[in-house]
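# A closer look at the structure
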Amino acid sequence: MSSPATRPNPGERTPRGSRLPRRARRAQLLESALEVFVAQGYHAAAMDDIADRAGVSKPVLYQHFPGKLELYLALLDRAVDAVIDGTRAALESTDDNKQRVAATMHAFYTYVASEEGEFRLVFESDLTNDPAVRQRIDRVTTECAELIAHVIHDDTGLPDDQCRLLAVALVGMGEVSARFWLQDRVQGRDTIEQDMAAGLIAGLAWRGIRGYPRTDEQT
C-alpha cells in the first residue's frame, strides 16, 4: 500500500550536515520518525532520538515539525492514506466482485506485513486517546468502508446503512485477521504463508457477501 521506491532505504542514515531540498528532507525526517515511533511507541520516543536517527540537529527537525505530536500526526496521515489508497486500488483493479474481495484482503495483509511496521501507527497506536489521533485512525474504517459500501450497494441495492455495516464488517475482518496472523508469525506459532492467509480470509468473506442478492434478482 505504500511506495517503497520513493522512500529512503530503511535503516540508512543521512550523514549529519548533508543538505537536502526541503521536500526530500521532510520525507527523510518522516522515515526516521517512523523507525523511532514503531520501535519505541509515541510516549517513549523523543525528538532527540528522531533527530539523531535522521542525522540532523534538533533545530532542523523543528523547522519542519513544531513538535512531536505534529510529527506523529504527519506520519499518521501518510499511513492512513496508504491504507485507504490501497483499498481503493484493490477495488478498482477489477470488475469481478470475487476478485475485488480477494484483492482487498491481500492489500490489508500486504500492508500489515510490510517490514517498515507502519501499520502499528494506525492499528496499534499508544496515543488513541488524543482526539486528533483518534480522528485519523477512524478514517481507516470509515473511508475504507465507504469505498466498499459503494460496491455492495451497486451490486445488491441494499439501503446505504446496511451497506455501510456490511462494509465495516469486511474491513474489520481484513484488519484484525491480518494483525493476528502477523503476531502469530512473529512469535513462531503460525506457518501459514501470507498469500494463503489472505486467500483464506477472502474466501470466508466472499462466501458471506455473495449470499446477498443482486439488484436485478430482488423481487
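Residues numbered from 1 in each chain as written. Predicted model: local features only at pLDDT ≥ 70, side-chain atom pairs only at ≥ 80, totals over all residues. Heavy atoms only, no water.

## Describing the overall build of the protein
Scanning the protein from terminus to terminus reveals nine helices and zero strands. Split into buried and exposed, the 219 residues of the protein put 44% on the buried side. In the protein, once contacts between residues fewer than 6 apart in sequence are set aside, the share between residues at least 24 apart is 68%. (Helix = DSSP H or I, 4+ residues; strand = E, 2+ residues; numbered from the N terminus. Buried < 20%, exposed > 50% of the residue type's maximum accessible area, 1.4 Å probe, protein only. Contact = heavy atoms within 4.5 Å.)

## Overview of the packing of aromatic side chains
Applying the stated criterion to the full structure yields four aromatic pairs. A ring pair is formed by Phe37 and Tyr42, whose centres lie 5.9 Å apart and whose planes are at 15 degrees; its orientation type is stacked. You can call Tyr42 buried: its relative accessible area is 11%. Centroid distance Tyr109 to Trp181: 5.5 Å. Interplanar angle 50 degrees. Geometry classified as tilted. In this pair, Tyr109 sits in helix α5 (residues 97-112) while Trp181 sits in helix α8 (residues 160-186), placing the two residues 72 residues apart along the sequence. One exposure class covers both Tyr109 and Trp181, and it is buried. Each residue in the set Phe37, Tyr42 and Tyr72 is aromatic and connected to the rest through ring pairs, giving one cluster. Cation over ring: Lys68 sits above Tyr42, and NZ or CZ is 4.4 Å from the ring centre. (Phe/Tyr/Trp six-rings, centres within 6.5 Å; stacked < 30°, edge-to-face > 60°. Lys NZ or Arg CZ within 6 Å of the ring centre and 35° of its normal.)

## Some thoughts on the environment of Gly157
Tracing the sequence through the fold places Gly157 in the loop between α7 (131-156) and α8. In the structure, Gly157 is positioned 55 residues away from Tyr212 in sequence and 9.6 Å away in space, judged by C-alpha atoms.

## Notes on the side chain of Arg100
Mapped onto the secondary structure, Arg100 falls in helix α5. Dropping the residues within four chain positions of it, Arg100 is found in contact with Ala90, Leu91, Thr94, Asp95 and Val151.

## With respect to the environment of Ala90
Structurally, the position occupied by Ala90 is in helix α4 (residues 68-92). Ala90 sits in the buried class, given a relative accessible area of 6%. Expressed as a C-alpha distance, the spacing of Ala90 and Ala107, which sit 17 residues apart in the sequence, is 6.8 Å. In this structure, Ala90 is in contact with Arg100, Ala103, Thr104 and Ala107, ignoring residues within four places of it in sequence.

## Some points on helix α1 (residues 22-40)
For an α-helix, the turn length of 3.6 residues means that residues three or four places apart are oriented alike. Spanning 19 residues, α1 covers 27 Å between terminal C-alpha atoms, matching the ideal 27 Å at 1.5 Å per step. Looking at the buried side of α1, the elements it contacts are α2 (47-54), α3 (58-64), α4 and α6 (119-123). Following α1 by one or two positions, Gly41 has its phi on the positive side, about 85 degrees. (Expected span 1.5 Å × (residues − 1).)

## Considering helix α9 (residues 194-209)
For α9, built from 16 residues, the straight-helix expectation of 22 Å at 1.5 Å per residue is met to within 8% by its first-to-last C-alpha distance of 22 Å. Among all positions of α9, only Ala197, Ala198, Ile201, Ala202, Gly203, Ala205, Trp206 and Ile209 are buried. Close packing links the buried residues of α9 with α5, α7 and α8.

## Things to note about the nonpolar core
Note that soluble globular proteins tend to have their nonpolar side chains buried in a common cluster. Judged by nonpolar contacts, the single largest core of 65 residues is most densely connected at Phe37, Leu61 and Leu71. Within the residue set of this core, elements represented by two or more residues are α1, α2, α4, α5, α6, α7, α8 and α9. Here this core gets twelve residues from one element, more than from any other, and that element is α4. Two domains each provide a minimum of three residues to this core, namely domain 1 (21-66) and domain 2 (75-209). If sequence neighbours within four positions are ignored, Leu61 has contacts with Leu29, Met47, Ile50, Ala51, Val56 and Leu71. (Core = buried A, V, L, I, M, F, W, Y, C linked by side-chain atoms within 4.5 Å. Domains from an automatic or database assignment.)

## Brief notes about the packing of α7 against α8
The geometry of α7 relative to α8 is characterised by a closest axis approach of 7 Å and an angle of 125 degrees between their N-to-C directions. Looking at the two axes, α7 sits oblique to α8. Judged by the sense of rotation from one axis to the other, the crossing of α7 with α8 is right-handed. Of the residues in α8, those in contact with Thr141, Cys144, Ala145, Ile148, Ala149, Ile152, His153 and Thr156 of α7 are Asp160, Cys163, Arg164, Leu166, Ala167, Val168, Leu170 and Val171. Across the contact of α7 with α8, the residue classes break down as eleven nonpolar, three polar and two charged. (Axes fitted to C-alpha atoms, helices over the stretch in contact; angles between N-to-C directions. Parallel < 35°, antiparallel > 145°, perpendicular 65-115°, else oblique. Left-handed = near helix turned anticlockwise from the far one by under 90°. Nonpolar A, V, L, I, M, F, W, Y, C, P; charged D, E, K, R; others polar.)

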